[in-house]
Each structure stands twice: as C-alpha cells, then as structure tokens.
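# Fold and geometry: a report
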Amino acid sequence: LEEKFRAATCTEVIRILSNARKAQGLSMNALAKKTGLSQPAISILESSQPNPKLDSLLKIARALDLNLGEILQQALRNVEHPTPSIPTSSRKRRD
C-alpha cells in the first residue's frame, strides 16, 4: 500500500506540473530551455516516470513560478481524497 501511495503521489505531482505548463502555453521545448533540462527528459517525466528526480521537479516548478512544496501538498490531498471523475459517456452534450 505504501508503494502505491508513493507512486500515486509522484504521478499526481507530475500531472499538476504538466497541467500548469499547458495552462501557461509552454511547449515542452520552451520548458526545457527555461529549466536546462532536455526536451526528451521533460517528455519522459510527463509520461509519468515512476521515480522523478527531485532536482528536475524543482527546476520545473521554479520555471513555472510554482512552489513545489505546495504542489506536493496538493498532490497528497488529491491522492488521499480523490475526486470521482465523470465517465465521458455520462456527460451531457451541449449542442
């Protein structure tokens, strides 16, 4: 159970960072330039790399002007109390 919790937390941190990058309109290339990481490294990390390096996460958070500690706290809350998602098929279409 502890390993699943750790893995879920890492996945959630990465999801939050990836969503922030996209919300800021940054490509992986642009983020790579801001962080000094390679674009393939960003891509691998966003593909839910199981054990991301803390240094990489810190660089990404800093480049996105985010606090990694706050992101970790949010990720822990999300993992401990997940919000049920609505299956796509049950969503009402608005035409």
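In the block above lies the structure referred to throughout.
This write-up is about the structure you can find in this document.

## Focus: the overall build of the protein
Along the backbone of the protein there are five helices and zero strands. Helices (α) and strands (β) of the protein occur, in sequence order from the N terminus, as α-α-α-α-α. Considering only intrachain contacts with a sequence separation of at least 6, the fraction spanning at least 24 residues in the protein is 66%. About 6900 Å² of surface is accessible on the protein, with carbon and sulfur atoms providing 54% of the total.

## Things to note about the layout of surface pockets
Using a probe with the size of a water molecule, rolled over the atoms, empty space left in the structure can be pinpointed. Put simply, the largest pocket is a space of about 190 Å³. Around the largest pocket, the lining residues are T9, C10, V13, P52, K53, L54, L57, L58, L68, G69 and L72. For the lining of the largest pocket, the elements supplying multiple residues, two or more each, are α1 (2-23), α4 (54-63) and α5 (68-80). Broken down by class, the residue content of the lining of the largest pocket amounts to eight nonpolar, two polar and one charged.

## A few points about the nonpolar core
Ranked by size, the top nonpolar core spans 19 residues in total, and within it V13, L17, L57, I60, L64 and I71 carry the most contacts. Those elements that provide at least two residues to this core are α1, α2 (28-35), α3 (39-46), α4 and α5. For this core, the element with the most residues is α1, which contributes five residues. Excluding residues within four positions of it along the chain, I60 makes contact with L17, L31, T35, L37, I42 and L45.

## Let's talk about the pattern of salt bridges
In the structure shown here, the tally under the stated rule is four salt bridges. The shortest N-O distance in the salt bridge between R6 and E3 comes to 2.8 Å. Pair noted here: R6 and E3 are both in helix α1, with a separation of three residues, about one helical turn. For R6, a relative accessible area of 31% corresponds to the partly exposed category.

## Some words on α5
Relative to the 18 Å expected for 13 residues at 1.5 Å per residue, α5 spans 18 Å between its end C-alpha atoms, a close match to the ideal helical length. Among the residues making up α5, those that are buried are L68, I71 and A75. Projection of α5 onto a plane perpendicular to its axis shows the buried side chains occupying an angular sector of 55 degrees, all on one side. Along its buried surface, α5 packs onto α1 and α4. Of the residues flanking the start of α5, the one acting as N-cap is N67, its side-chain oxygen 2.8 Å from the backbone nitrogen of G69.

The rules behind each value
Residues numbered from 1 in each chain as written. Predicted model: local features only at pLDDT ≥ 70, side-chain atom pairs only at ≥ 80, totals over all residues. Heavy atoms only, no water. Helix = DSSP H or I, 4+ residues; strand = E, 2+ residues; numbered from the N terminus. Contact = heavy atoms within 4.5 Å. Areas by Shrake-Rupley, 256 points an atom, 1.4 Å probe, with all protein chains shown as cover. 1 Å grid on protein atoms, 1.4 Å probe; cavity = no way out; pocket = protein on both sides within 12 Å on 5 of 7 lines; lining within 4 Å. Points joined across faces, edges and corners; volume = space filled by probe spheres on them. Nonpolar A, V, L, I, M, F, W, Y, C, P; charged D, E, K, R; others polar. Core = buried A, V, L, I, M, F, W, Y, C linked by side-chain atoms within 4.5 Å. Buried < 20%, exposed > 50% of the residue type's maximum accessible area, 1.4 Å probe, protein only. Salt bridge = Lys/Arg side-chain N within 4 Å of Asp/Glu carboxyl O. Expected span 1.5 Å × (residues − 1). Arc of directions from axis to C-beta. Polar contact = N/O pair within 3.5 Å; in protein donor to acceptor, adjacent residues only side chain to side chain.

None of this, on its own, says anything about what the molecule does.
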